[in-house]
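# Residue-level structural notes
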Amino acid sequence: MRELLAPAGNFEALVAAISNGADAIYLGMDKFGARAYASNFNEETFKQAIEYAHLREVKIYVTMNTIIFEDEIEPMKEMVDFLVSSNVDGIIIQDLVILDYIVNKYPDLEAHCSTQMGLDDLEGTLLFKELGAKRVVLSRELEIEKIKEIKKIAKIPLEIFVHGALCVSYSGNCLMSGLIGYRSGNRGRCVGSCRKPFELIDITNNKSYGSSYILSMKDLCTIDYINEYKDIDSLKIEGRMKEPAYVANVVSTYRKALDNQITKDDKLNLNKTFNRTFTKGYIFHEDKKDITNIDKPNNYGFLIGKIIAKNKLGYKIKLDKVLNQNDIIRIDHSGEDVNLTVVKMCDDNNKLINSSSTTCYINIKEDLSIGDLVYKTKDYLFYNEIEKTYPKEFKRFKLDIEVYAYTNNPLVINCSYKNCYVSFESEDILTEAINLPTDEAMFVKQFDRLNDTVYKLGNINYNADNCFIPAKLINEARRKIVELMNKKRLERKYIVNDNLSNPKINFNKENVKLAVFANTVEQYEAAKECGIDIIYNEDNYIRRNQTTYPNNNNEYLIGGYGGVYAFKNKNFVTDFSLNVVNSKAVYMLHKLGAKRVTLSYEMNKSQIEALISEYQKQNDGLPNLEMIVYGKAHLLFTKYCPLKKYGLCGKCKENKYIIKDEYGEFPIISHKDCTTTIINGKTLNLIDELETINNINVFRLQFTTESKQECIDVINMFKNKLNTLEKTNLFNNETDTRGHFKKEIL
């Protein structure tokens, strides 16, 4: 059976989802979840959620899909221990340290690899199957054909997103929010930088294409493709930040589709809760130019009409769809929104009306124009209806009972549901009936009052003589049986393994070397001319989404977990895109064969020192680490092409482009496979800090847009610094940044 997996940012949303047919819920606690700004759950409300869901045979998965710093490892373990003690069904993870803890301590608990891990190929899926994960959430950039191929070969449960908000960046590879606003998406605190307006500029020709929401993705909607999912294990709806009515509407619609009960109107109802307009997504081959909505980054609503006149009655609206009193509408006036609740509306005779499907007048104080389009962003009557769908029982569970009611004996009732068995025996002794004995119909009428429970009466085997059973006793029996059955059904016990030892892996301290990442031939030539031994370029670098792997023994820089699997018995270095921020993640990558591990951009000095110290403590020696100390950081890496959106496909070969906002300029790097990297306008430059950074074997210079001469100058500057390790003052406040080195990320 395909699982319908729904989001819950709070308890009301959880109830809404379950009431409308969700098979499973994913939610976050107040720590370690990728939606830190949702209401989320504390220990008390989580226990309530588990009980509510499990009694309705709905699973609960908890998101712990953030990167975990060294000082958070023990609190992380405590959180996992609590979730296990509360009978969680699975934990969705990003960081290797959580995977390691779950797989080794709780081997029968489901660890699900989050989309934040960037798994977009067979190799990455197989890697985590081998490491003990029970499910993989695949990247939203994958096409359905590739997903089916992975499922067929990997033979591990797969989960995919089918509806909701889309990140423009490959998940886990967006540093934009963190590096600009110090609130990291990898920490669950994304501020939605991609939903802001940016100006696109051709800097080669000094031409502006204007400001727009150029990075704002439409919402995914694949309701028309539901039959393509028959081989997929779990269909996931995005939306832990959404209101309960949104969750109810989307879950209900996809439930109907899965049950072959959906109508055209049901599909149209998806427009009646939050949407940024819809796309079928990369999964069903949406054209890159059509996957964003650059006009508006938030709730778009749906078109219902336009303004056709203005007079003393107000603005006259010609309607294509019904408008009701108390609906919320927005009017697009020259690209600016006018939002209002329809408190009063009238007809041509100035008579108050509460609904119209043809024309109406509304008094609006703002200046509008004839032809302005009118959108409905909240359908008052629809919301009233959808909010009536919860709380309610989507289905009830049959209790089969055997009744033994004999004079001068206690009332005995045996009850079963699936493999759960409970019994009730009364303290009172039954007596012979004076008038009418209690027959089966009378007993059933009293016992079957189960509407305030999740149960209904199934089969009954009634055995009785001429006795009388008081209604009070039947009520007591019913309440007790429900209580016992609930308790029985909620019982669960996980295997616990406390033997968590690992072989030690350590490396010798080496003389610090410089490495160069060359984005162009000129940069490569600069590195060679300056005597750099470690040079990464397109010949020995495998990006995160580059899912074909050469069959040789050369040393490669690996940006994704698929590459780790492909090269695990060969020679490789892991890149910053694996988001390594703790000693256990370093250890696991070394164990998988990584010669060297590059640290995340999102670490400060004290966190780096804590990682190295803990690694030494656990392994009696050092890790082999690489650290980027210079370069314009990759803010986001995306399958989308902002140039194609503006009809500039192929122009990246001729011109250079940037996007710009009030905080700075951000260069666009277009790759041969038409993916895009947007980089920081400021350059990470830690040259003045090098003498304070210990036990890093390789410092990397990450070149992006620099000329050959600029590369030579930078390389020589860093070589001189490493030769002397004297204190310098080469940091330029205007052009440079220290990133997170001296400031902790949130």
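Quick caveat, the model's predicted, so the values are computed rather than measured. (Residues numbered from 1 in each chain as written. Predicted model: local features only at pLDDT ≥ 70, side-chain atom pairs only at ≥ 80, totals over all residues. Heavy atoms only, no water.)

## Describing the overall build of the chain
When its secondary structure is counted, the chain shows 18 helices and 42 strands. Between the averaged position of the 100 positive side-chain charges in the chain and that of its 102 negative side-chain charges there is a distance of 3 Å. (Helix = DSSP H or I, 4+ residues; strand = E, 2+ residues; numbered from the N terminus. Lys, Arg positive; Asp, Glu negative; His and termini not counted. Charge placed at Lys NZ, Arg CZ, Asp CG, Glu CD.)

## So, the sheet that holds strand β39 (residues 676–679)
Strand pairing in a sheet relies on backbone hydrogen bonds, with the paired strands running either antiparallel or parallel. Strand order in the open sheet formed by six strands is β9-β8-β37-β38-β39-β36, and the pairing between neighbours is antiparallel. Looking at which strands have only one partner, the edges of the open sheet turn out to be β9 (207–212) and β36 (634–638). Each strand of the sheet is rotated relative to its neighbour by a mean of 25°, with strand direction disregarded. Pairing analysis gives five bridges linking strand β37 (residues 657–661) to strand β38 (residues 664–670), with the strands arranged antiparallel. Bridging from a neighbouring strand, aspartate 661 pairs with glycine 664 of β38. (Pairing = 2+ DSSP bridges. Axes fitted to C-alpha atoms, helices over the stretch in contact; angles between N-to-C directions.)

## Some remarks on the environment of aspartate 620
Its location among the elements puts aspartate 620 in the loop between α16 (605–619) and β35 (625–631). Along the backbone, aspartate 620 and phenylalanine 507 are 113 residues apart, and their C-alpha atoms lie at a distance of 9.5 Å. Apart from residues no more than four positions distant in its own chain, aspartate 620 is found in contact with Lys504, Asn506 and Tyr615. (Contact = heavy atoms within 4.5 Å.)

## Focus: the side chain of asparagine 293
Here asparagine 293 is to be found in the loop between β12 (278–279) and β13 (302–311). Separated by 3.1 Å, the side chain of asparagine 293 and the backbone nitrogen of aspartate 295 make a polar contact. Those residues within four positions of asparagine 293 in sequence are excluded, and the remaining contacts are Tyr213, Ser216, Met217, Lys218, Arg276, Thr277 and Tyr300. (Polar contact = N/O pair within 3.5 Å; in protein donor to acceptor, adjacent residues only side chain to side chain.)

## Some words on the pattern of salt bridges
Note on pairing: side chains with opposite charge can pair once their charged atoms come close. For the coordinates displayed, the defined rule picks out 49 salt bridges. A salt bridge links arginine 135 to glutamate 159, with the nearest nitrogen and oxygen atoms 2.7 Å apart. In this pair, arginine 135 sits in strand β6 (residues 135–137) while glutamate 159 sits in strand β7 (residues 158–164), placing the two residues 24 residues apart along the sequence. Of the residues examined, glutamate 159 reaches a relative accessible area of 0% and is grouped as buried. Salt-bridge contacts for aspartate 233 lead to lysine 151; the nearest nitrogen and oxygen are separated by 2.7 Å. Separated by 82 residues along the polypeptide, aspartate 233 in the loop between β10 (219–221) and β11 (234–237) and lysine 151 in helix α6 (residues 144–154) bring together distant segments of the chain. In the salt-bridge network here, residues are joined through shared partners; they are Glu555, Asp575, Lys595, Arg596, Glu626 and Arg700. (Salt bridge = Lys/Arg side-chain N within 4 Å of Asp/Glu carboxyl O. Buried < 20%, exposed > 50% of the residue type's maximum accessible area, 1.4 Å probe, protein only.)

## A closer look at the pairing of strand β14 (residues 314–319)
With five of six residues buried, β14 lies mostly within the body of the structure. As paired strands, β13 and β14 are joined by six bridges and run antiparallel to one another. Note that in β14 the partner of lysine 310 across the bridge is tyrosine 315. Between the end of β13 and the start of β14, which pair antiparallel, lie two residues. Two elements, β14 and strand β21 (residues 359–362), share four bridges in a ladder whose sense is antiparallel. Within β21, the residue paired with lysine 316 across the bridge is tyrosine 361.

## Describing a nonpolar patch on the surface
Judged by side-chain polarity, Tyr37, Val191 and Met241 come together as a nonpolar surface patch covering roughly 290 Å² of accessible area. With respect to the helices and strands, the residue tyrosine 37 is situated in the loop between β2 (24–28) and α2 (43–55). The exposure class of tyrosine 37 is partly exposed, given its relative accessible area of 40%. (Patch = residues over 30% accessible without salt bridge, like charges linked within 9 Å, V, L, I, M, F, W, Y side chains within 5 Å. Areas by Shrake-Rupley, 256 points an atom, 1.4 Å probe, with all protein chains shown as cover.)

## Some details on the nonpolar core
By size, the foremost hydrophobic cluster in this structure holds 180 residues, and its most contacted members are Leu14, Ile25, Phe46 and Leu215. Discounting chain neighbours no more than four positions away, the residues touching phenylalanine 46 are Leu27, Met29, Phe41, Ile60, Val62, Phe82, Leu83, Ser86 and Val88. Leu399, Val403, Cys415 and Val422 belong to the second largest nonpolar core, which has 29 residues in total. (Core = buried A, V, L, I, M, F, W, Y, C linked by side-chain atoms within 4.5 Å.)

## Describing unusual backbone geometry
That bond from tyrosine 390 to proline 391 is cis: its omega, -5°, falls within 30 degrees of zero. Among the structural elements, proline 391 can be located in the loop between α10 (380–387) and β23 (397–405). The phi angle at serine 334 is positive, at roughly 55°, despite the residue not being glycine. Here serine 334 lies in the loop between β16 (328–333) and β17 (336–341). With phi around 65°, asparagine 695 is a residue other than glycine that occupies positive phi space. Turning to its location among the elements, asparagine 695 is positioned in the loop between β40 (683–685) and β41 (698–702).

## Concerning the sheet that holds strand β27 (residues 455–464)
If you walk across this open sheet you meet the four strands as β25-β24-β23-β27, and the pairing is mixed. Both outer strands of the open sheet, β25 (420–429) and β27, are each paired with one neighbouring strand and no more. In this sheet, adjacent strand axes meet at a mean angle of 20° when their direction is disregarded. Contacting β23, β24 (410–417) and β27, helix α11 (residues 440–447) runs over the sheet at an angle of about 150° to β27.

## A closer look at the packing of helix α4 (residues 96–105) against helix α15 (residues 583–591)
The contact between α4 and α15 brings their axes to 7 Å, and the two run at 80°. Here α4 lies roughly perpendicular to α15, going by the angle between them. For the pair formed by α4 and α15, the contact residues are Leu96, Val97 and Asp100 on the first element and Lys584, Ala585, Met588 and Leu589 on the second. For the contact of α4 with α15, the per-class residue count stands at five nonpolar, no polar and two charged. (Parallel < 35°, antiparallel > 145°, perpendicular 65-115°, else oblique. Nonpolar A, V, L, I, M, F, W, Y, C, P; charged D, E, K, R; others polar.)

## As for α16
The end-to-end C-alpha separation of α16 is 21 Å, in line with the 21 Å expected for 15 residues at 1.5 Å each. Along α16, the positions that sit buried rather than exposed are Gln607, Ile608, Leu611, Ile612, Tyr615 and Asn619. Along the axis of α16, the buried residues cluster in a sector spanning 135°; they form a single face. Trailing α16 by a residue or two, aspartate 620 shows a phi angle of about 55°, which is positive. (Expected span 1.5 Å × (residues − 1). Arc of directions from axis to C-beta.)

## Looking at the packing of aromatic side chains
Applying the stated criterion across every chain yields a total of 19 aromatic pairs. A ring pair is formed by phenylalanine 128 and tyrosine 561, whose centres lie 4.9 Å apart and whose planes are at 80°; its orientation type is edge-to-face. Here phenylalanine 128, found in helix α5 (residues 122–130), pairs with tyrosine 561, found in helix α14 (residues 561–566); they are 433 residues apart in sequence, far enough to count as distant. Neither residue differs from the other here; phenylalanine 128 and tyrosine 561 are each classed as buried. Taking the ring centre of tyrosine 26 as reference, the NZ or CZ of lysine 236 above it sits at 4.4 Å. Lying across the ring of tyrosine 383, lysine 378 places its NZ or CZ 4.6 Å from the centre. (Phe/Tyr/Trp six-rings, centres within 6.5 Å; stacked < 30°, edge-to-face > 60°. Lys NZ or Arg CZ within 6 Å of the ring centre and 35° of its normal.)

## Section: the pairing of β11
When a strand is regular, its side chains alternate between the sheet's two faces. Residues Ser234 and Lys236 line one face of β11 and the alternating positions Leu235 and Ile237 line the opposite face, and both faces are buried. As judged from the three bridges shared by strand β1 (residues 3–8) and β11, these two strands associate in the parallel manner. In the strand pairing of β11, glutamate 3 is matched with serine 234. In this structure, β7 lies alongside β11, joined through four bridges in parallel fashion. Across the sheet, the residue bridging to glutamate 159 is serine 234, located in β11.

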